[in-house]
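Coordinate analysis (summary)
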Amino acid sequence: MSDRKTQLVAAVDAVRAASRVCIAVQRALVDADTLEKKDKSPVTVADFASQAIVCAKLAQALPGARIVGEEDATELRAAEQATLRAAVVEKVGGELGRAASADEVLDWIDLGNAKADGGSYWTLDPIDGTKGFLRGEQYAVALALIEDGEVVLGVLGCPNLPAAGGGAGALFTAIAGEGAQTLALAGTGASGAPVRVAAVARAADARFCESVESGHSNQGESARIAELLGITAEPYRIDSQCKYAAVARGDASIYLRMPTKKDYREKIWDHAAGKLVVECAGGRVSDANGDALDFGRGATLERNRGVVATAAAIHDEVVDAVRRVRAEAAS
């Protein structure tokens, strides 16, 4: 088995395991009462448990792997977090099928504290889409491999996204230069069916995909862009990197994440896996200026503003409309 295939198998196994934990936590701990009280403890448990599991599995399958994760265990190590820590340890042990000590779990989480610099490293968002998770809607476990500033492998686990063959739970994988695949999250193995973006020739026939939360993207600008492009279909609003999955398999053909703050910089773990899945499915991904996303500048996309992911045939048309609308806003 080639190194890249070995890495893919390990990544798929890790994302599946983390997704199972997230599903279990969502079913057991998220209800109307937690939403009413704005209680984020369920997603906190799932977030830490997901990162611990992915890091533990990658360390076992790929010794020496460097991981840049969203979380660290500093909060969990505090004495006053004993209840939260115990819940995370229980969920991790349950998935691994053996008792795990608190120290083991905390150390696994902190395996995700590598620096995003040079060489080869993985980047992980253990739960992308916190509010979607709490609403019982869309969220993703996103894992990608970056080598010398280029995303070369990506895996997206989308527990609540319908699978191609029916039922909840879809997994998307991509290896640079080898296309993208989709498979059932609850299945086995790392081979699936090829996935392709929709065959749209002009933007007017496309459908937008954007964040549910207006704070994540400037939806007013998106509406103006849609107007310029002649798009009349209602936007498809879902949380997390599931938007990339939706574009990759043709549920929508345009994903816009328009900047809401001048000084905000996107995090690499929020885009690496999804970006590669779309590109390997025949799409194009750039920032709002049409420039390639630069993953060689640390943990943030320091040189980029916003994200535009589309079917390849309409990318230039969409970016041109984005530029026009942003110029209008600046004048």
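Above: the structure in question.
So, a few notes on the structure that sits alongside this text. (Residues numbered from 1 in each chain as written. Predicted model: local features only at pLDDT ≥ 70, side-chain atom pairs only at ≥ 80, totals over all residues. Heavy atoms only, no water.)

1. Some thoughts on the nonpolar core
- The biggest cluster of nonpolar side chains holds 62 residues, and the ones touching the most others in it are Leu156, Ile225, Ile254, Leu256, Ile268 and Val318.
- The residues contacting Ile268, other than those within four sequence positions of it, are Val68, Ala116, Tyr121, Thr123, Ile146, Phe295, Gly298, Ala299, Thr300 and Leu301.
- If you look at the next biggest cluster of nonpolar residues, it comprises 54 residues, including Phe48, Val88, Leu153 and Leu185. (Core = buried A, V, L, I, M, F, W, Y, C linked by side-chain atoms within 4.5 Å. Buried < 20%, exposed > 50% of the residue type's maximum accessible area, 1.4 Å probe, protein only. Contact = heavy atoms within 4.5 Å.)

2. Regarding helix α8 (residues 219-229)
- Every buried residue of α8 is accounted for by Gln219, Glu221, Ser222, Ile225, Ala226 and Leu229. The buried residues of α8 all sit within an arc of 150° when viewed along its axis, so they share a single face.
- Within two residues after α8, Gly230 carries a phi angle of roughly 80°, on the positive side. (Helix = DSSP H or I, 4+ residues; strand = E, 2+ residues; numbered from the N terminus. Arc of directions from axis to C-beta.)

3. Let's talk about the sheet that holds strand β5 (residues 168-175)
- Taken in spatial order, the seven strands make up an open sheet running β1-β2-β3-β4-β5-β6-β7, and their pairing is mixed. The sheet is open, and its two borders are formed by β1 (67-69) and β7 (193-194), each paired with just one other strand.
- Here β5 runs beside strand β6 (residues 180-184); their pairing, made up of five bridges, is antiparallel. Looking at β6, one finds that Leu171 is bridged to Leu183.
- In the packing of helix α1 (residues 3-29) onto the sheet, contacts are made with β2 (120-128), β3 (140-147), β4 (150-162), β5 and β6, and the angle to β4 comes to roughly 30°.
- Along the sheet, helix α3 (residues 41-61) contacts β1, β2 and β3; its crossing angle with β2, the most-contacted strand, is approximately 155°. (Pairing = 2+ DSSP bridges. Axes fitted to C-alpha atoms, helices over the stretch in contact; angles between N-to-C directions.)

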